[in-house]
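Residues per chain are reported as follows:
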Amino acid sequence: MLLMGCVDTSSDNPSTPDVSIADVAVTDVPIPDTSEPDIPPPDTVSMDTVLECDASVAECDGQERMVCEPGFADCDGLEDNGCEADLSLVENCGSCTNVCQADNGISQCTDGQCIFECESGFANCDALADNGCESVLGTVLHCGACDDVCTADNATAQCTMGQCEYSCLDGHMDCNGDMSDGCETDLTAPSSCGSCDVTCAGACIEGSCETCDEGLALDSNDPSDAARTMGICADLVEAKWVLPDGQKVPTAIDSANFHKGHGILDGFGPNVDAAEGAQLLALSTGAARRPADPDYEPYPGLEKGYESEHPAGFPQEAPKCPGVVTGQPHDGIGLELTLTAPTWAQGFRFDFSFYTQEWPQYICSSYNDIFLAVVTPAVGGQSNGNIAIDSDGGPISVNNTYLEACYCLDPPCISGGMAFECSLGSEVLEGTGFAENASTAWLRAQAPIKGGTPFTIRLAIYDSGDEVLDSTVIVDNFRWLKTGPVVAATPIP
Ligand SMILES: [Ca+2]
Ligand SMILES: [Ca+2]
Ligand SMILES: [Ca+2]
Ligand SMILES: [Ca+2]
């Protein structure tokens, strides 16, 4: 570890000593020139320097002088323990004063240089050696790695097992499944009321769509009440009662009979509730009433005493009844609504169910009562504008494909050459005036529209060919849609 000796360099150049003296002090010997310019301060002298006696300093004063081996140094200034310091150790790495230390790290001394590795869970994210491994991994600032920050709009973040996890703030949701825009959806908006997919045709109040159909009069003649009953609490420009073809109701028509064709009901029989709010709208070729209601007209129905024209593009015949021609409209009623959808809307939907007394006797006959929902301007490739269509693309007439609730004691029941399985039973017919007849399930019609642009929809129903054996449609649950759907009407699962 240490060499003992006294090296005489006097034969070299006695006037210019070229090696400095470190903290192994040469004592009681006068040093000729203390202003030697190339004597560095002691604490910067490399301890692996081989010490030499200055030749001008009287043969080392007769004492043995310490010369450290390379890689060692006399850091404590004590001769007794010689060159005690191993300069390859972290305590004095390369020099007496170079202590290798790194916060949250494990240091090594390699080739006289301090290096360190961070302990598990820490990292040197700022690349500064002085503060070692200053960053705690697994936090929202450095989740999986340095600067892997967990942050998202309208969300709180935490880092779990190196993965960012987010919780949306109250009133917000990540509806697009993409946290790069955070919890982007405002759940207090009518376009996403309380959850991603709930849309309203009115205000969103505390996460639920506004309803505006509580306590409306059964026999209200105000067409905007009919709209409210359907859930249209805003965006209504105009509402009016019309004939099925959109014509004004002539004064010659018996006004009382005409207005019996609509009713605001709190359900349709004991087994069918309003699909939205407290009430649903009924439109009928007879009286839109249940047996217990005032003005109810029992089987075979109400003869209102007027005819009208087919709407443009009608009659449209049922594909399943080839050769059958729908008769002249009788006892018809239409509700025409002009609406301006919010700008976010690209479509709308509503629910309806069609009941008819023409089943079972008049299947595939000219007594083909019909409900239609005509949108103007026409949408989705429907040339006649009708969006209330069945699975064949035919109209919702007596001969639509969805007539699956029927009174049939021993299915299938055969009518008009057609077999009816009556798969929905007859419960929904009870208490409606159609107990021994037939209906569809609740169907949902949908269509695209352009948000911000007014359009009209005319809901109409009429007897076909004569006035008897009435048909009724119940309508409710109008909603705007954020995305534009294809035109369809399908049973609600
Ligand atoms: Ca998102
Ligand atoms: Ca309603
Ligand atoms: Ca009829
Ligand atoms: Ca009738």
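See the structure shown above.
Only a predicted model underlies this, so the values are computations on that prediction, with no experimental measurement involved.

**A closer look at the overall build of the protein**
Here is step 1: Helix and strand counts for the protein stand at two helices and 31 strands.
Here is step 2: Here the protein holds 493 residues, and the buried ones make up 40% of them.
Here is step 3: Sequence-distant contacts in the protein: of pairs separated by 6 or more residues, those separated by 24 or more amount to 62%.

**Considering unusual backbone geometry**
Here is step 1: Here the residue pair Trp-359 and Pro-360 is connected by a cis peptide bond, since its omega of 10° sits within 30 degrees of zero.
Here is step 2: Across the junction of Pro-411 and Pro-412, the peptide omega takes the value 0°, indicating a cis bond.
Here is step 3: Here Pro-412 shows up in the loop between strand S24 (405-406) and strand S25 (413-415).
Here is step 4: Positive phi values are uncommon outside glycine, yet Asp-111 reaches one of about 55°.
Here is step 5: Counting through the fold element by element, Asp-111 comes out in the loop between strand S5 (105-110) and strand S6 (113-118).
Here is step 6: Judged by the 8 C-beta atoms lying within 10 Å of it, Asp-111 falls in the exposed class.
Here is step 7: A positive phi angle is found at Asn-477, which is not glycine, with a value near 65°.
Here is step 8: Inspection of the secondary structure puts Asn-477 in strand S30 (residues 471-481).
Here is step 9: For Asn-477, a count of 20 C-beta atoms within 10 Å translates into the label buried.

**Brief notes about the nonpolar core**
Here is step 1: Within the largest apolar cluster, 84 residues are counted, with the highest numbers of intra-cluster contacts made by Leu-283, Ala-388 and Val-475.
Here is step 2: Excluding residues that lie within four positions of it along the chain, Ala-388 makes contacts with Phe-352, Phe-371, Leu-372, Ala-373, Pro-395, Ile-396, Ala-445 and Ala-489.
Here is step 3: In this structure, Cys-68, Ala-73, Cys-83 and Cys-93 belong to the second largest nonpolar core, which totals 10 residues.

What counts and what doesn't
- Residues numbered from 1 in each chain as written.
- Chains lettered and ligands numbered in written order.
- Predicted model: local features only at pLDDT ≥ 70, side-chain atom pairs only at ≥ 80, totals over all residues.
- Helix = DSSP H or I, 4+ residues; strand = E, 2+ residues; numbered from the N terminus.
- Buried ≥ 20, exposed ≤ 12 C-beta atoms within 10 Å, placed from the backbone.
- Contact = placed C-beta atoms within 7 Å.
- Core = buried A, V, L, I, M, F, W, Y, C linked by C-beta atoms within 7 Å.

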